[in-house]
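Listed here are the chains, written in short residue letters.
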Amino acid sequence: KHRFALPSLLTSVILSAPCVIFPLPLSAATVYVATNGLDTFTGIGDWSNAVKTISNGVAKAAAGDTVLVSNGVYMLTAQIDLNKDVTIRSWNNGTIDATNTMIDAGGTTFRCVNMSHANAVMDGFTLTHGAQTGNGGGVQIANGTVRNCLVLNNTASGMGAGVYMVTGRVEGSVIQANRSSPDLY
């Protein structure tokens, strides 16, 4: 049998080498939104803690989180700003439900949604009655993805009454009956 002895200097170097600890990634959370929720709730855990407004759900979400929005009509008082790595998804008994989950800007003076993050996703909504002085009455996409949405009956004085996109994607969506002045898109 052979035995090897490490010189004491080498043993000291090996035993005193710094230890690097890598934190484990945290799991993404789900924030719940329902028409019968309360914005004083956390939105975390399950539907019994749901907040009432989509904007509040987005505000409570951290990067990588999903905001699940129960079916219903969500009347806006201001546009929804989706400016972080968050997915907003309609939800009705386990499936995406664009037909019965409506974001309604009321035809006043603001768009439904403004998206400005590359990883932002809007999935499964009807976006309607946005009215924008400028471009993008339904949704303005500076970056991000709109998926499985119905973009209907929005107006803009500029381009893209339904969707105005600088960089981003629109997938599996219907864009119709939107009106620009002049009649551009």
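Each remark here, short or long, concerns the structure printed above.
Residues numbered from 1 in each chain as written. Predicted model: local features only at pLDDT ≥ 70, side-chain atom pairs only at ≥ 80, totals over all residues. Heavy atoms only, no water.

1. Description of the overall build of the chain
Okay, step 1: When helices and strands are tallied, the chain shows two helices and 16 strands.
Okay, step 2: Per-residue burial over the chain gives 39% buried out of 185 residues.
Okay, step 3: Within the chain, counting contacts between residues at least 6 apart in sequence, those at least 24 apart form 58% of the total.
Okay, step 4: Of the accessible surface of the chain, which amounts to about 10200 Å², a share of 57% is contributed by carbon and sulfur atoms. (Helix = DSSP H or I, 4+ residues; strand = E, 2+ residues; numbered from the N terminus. Buried < 20%, exposed > 50% of the residue type's maximum accessible area, 1.4 Å probe, protein only. Contact = heavy atoms within 4.5 Å. Areas by Shrake-Rupley, 256 points an atom, 1.4 Å probe, with all protein chains shown as cover.)

2. Overview of the nonpolar core
Okay, step 1: Counting 30 residues, the largest nonpolar core has Ile-54, Ile-88, Ile-103, Met-115, Met-122, Phe-125 and Leu-127 as the members making the most contacts within it.
Okay, step 2: Only strand E1 (30-33), helix H2 (54-60), strand E2 (66-70), strand E4 (80-82), strand E7 (113-123) and strand E10 (139-147) provide two or more residues apiece to this core.
Okay, step 3: Among the elements that take part in this core, E7 stands out by supplying four residues, more than any other.
Okay, step 4: Those residues in contact with Leu-127 that sit more than four places away from it in its chain are Ile-103, Cys-112, Val-113, Met-122, Val-139, Leu-150, Val-151, Leu-152 and Asn-154. (Core = buried A, V, L, I, M, F, W, Y, C linked by side-chain atoms within 4.5 Å.)

3. Brief notes about the side chain of Asp-97
Okay, step 1: Note on placement: Asp-97 falls in the loop between strand E5 (87-91) and strand E6 (101-104).
Okay, step 2: The side chain of Asp-97 is buried and forms no salt bridge, while Arg-89, the nearest opposite charge, is found at 13 Å.
Okay, step 3: A distance of 2.7 Å separates a polar atom in the side chain of Asp-97 from a polar atom in the side chain of Asn-92.
Okay, step 4: Those residues in contact with Asp-97 that lie beyond four places of it in its chain are Asn-71, Ser-90, Asn-92 and Gly-124. (Lys, Arg positive; Asp, Glu negative; His and termini not counted. Salt bridge = Lys/Arg side-chain N within 4 Å of Asp/Glu carboxyl O. Polar contact = N/O pair within 3.5 Å; in protein donor to acceptor, adjacent residues only side chain to side chain.)

4. Remarks on the sheet that holds strand E16 (residues 179-180)
Okay, step 1: Sheet architecture is open: three strands sit in the order E9-E12-E16, paired in parallel fashion. In this open sheet, the two strands that pair with only one neighbour each are strand E9 (131-132) and E16.
Okay, step 2: Across two bridges, the pairing between strand E12 (residues 155-156) and E16 is parallel. Each bridged residue has a counterpart across the sheet, and for Ala-156 the counterpart in E16 is Ser-180. (Pairing = 2+ DSSP bridges.)

5. Considering unusual backbone geometry
Okay, step 1: Residue Asn-148 is not a glycine yet carries a positive backbone phi of 55 degrees.
Okay, step 2: Counting through the fold element by element, Asn-148 comes out in the loop between E10 and strand E11 (150-152).
Okay, step 3: A positive phi angle is found at Ala-177, which is not glycine, with a value near 60 degrees.
Okay, step 4: Within the fold, Ala-177 resides in the loop between strand E15 (174-176) and E16.

6. A few points about a nonpolar patch on the surface
Okay, step 1: A contiguous nonpolar patch, built from Met-165, Val-170 and Ile-175 and spanning about 220 Å² of accessible area, is present on the exposed surface.
Okay, step 2: Along the polypeptide, Ile-175 turns up in strand E15. (Patch = residues over 30% accessible without salt bridge, like charges linked within 9 Å, V, L, I, M, F, W, Y side chains within 5 Å.)

7. Let's talk about the sheet that holds strand E3 (residues 72-75)
Okay, step 1: With respect to topology, five strands assemble into an open sheet ordered E3-E6-E8-E11-E15, the strand pairing being parallel. Every interior strand has two partners, whereas the edge strands, E3 and E15, have only one. When strand polarity is set aside, the average angle formed by the axes of neighbouring strands in this sheet is 15 degrees.
Okay, step 2: Summarising the sheet, strand E8 (residues 126-128) and E11 pair through three bridges and their orientation is parallel. Bridging across to E11, Thr-126 finds its partner in Leu-150. (Axes fitted to C-alpha atoms, helices over the stretch in contact; angles between N-to-C directions.)

8. Focus on the pairing of E6
Okay, step 1: As paired strands, E3 and E6 are joined by four bridges and run parallel to one another. Pairing of Gly-72 across the sheet is with Thr-101, part of E6.
Okay, step 2: Strand direction decides the pairing type here: E6 and E8, joined by three bridges, are parallel. Bridge pairing links Asp-104 to Thr-128 in E8.

9. Some words on the pattern of salt bridges
Okay, step 1: What the rule picks out here adds up to three salt bridges.
Okay, step 2: Salt-bridge contacts for Arg-89 lead to Asp-123; the nearest nitrogen and oxygen are separated by 3.2 Å. On the criterion of sequence distance, the pair formed by Arg-89 in strand E5 and Asp-123 in strand E7 is long-range, its members being 34 residues apart.
Okay, step 3: In this structure Arg-89 comes out as partly exposed when scored by relative accessible area, which is 22%.
Okay, step 4: Ionic contacts of the salt-bridge type, sharing partners, join the residues Arg-147, Arg-169 and Glu-171 into one network.

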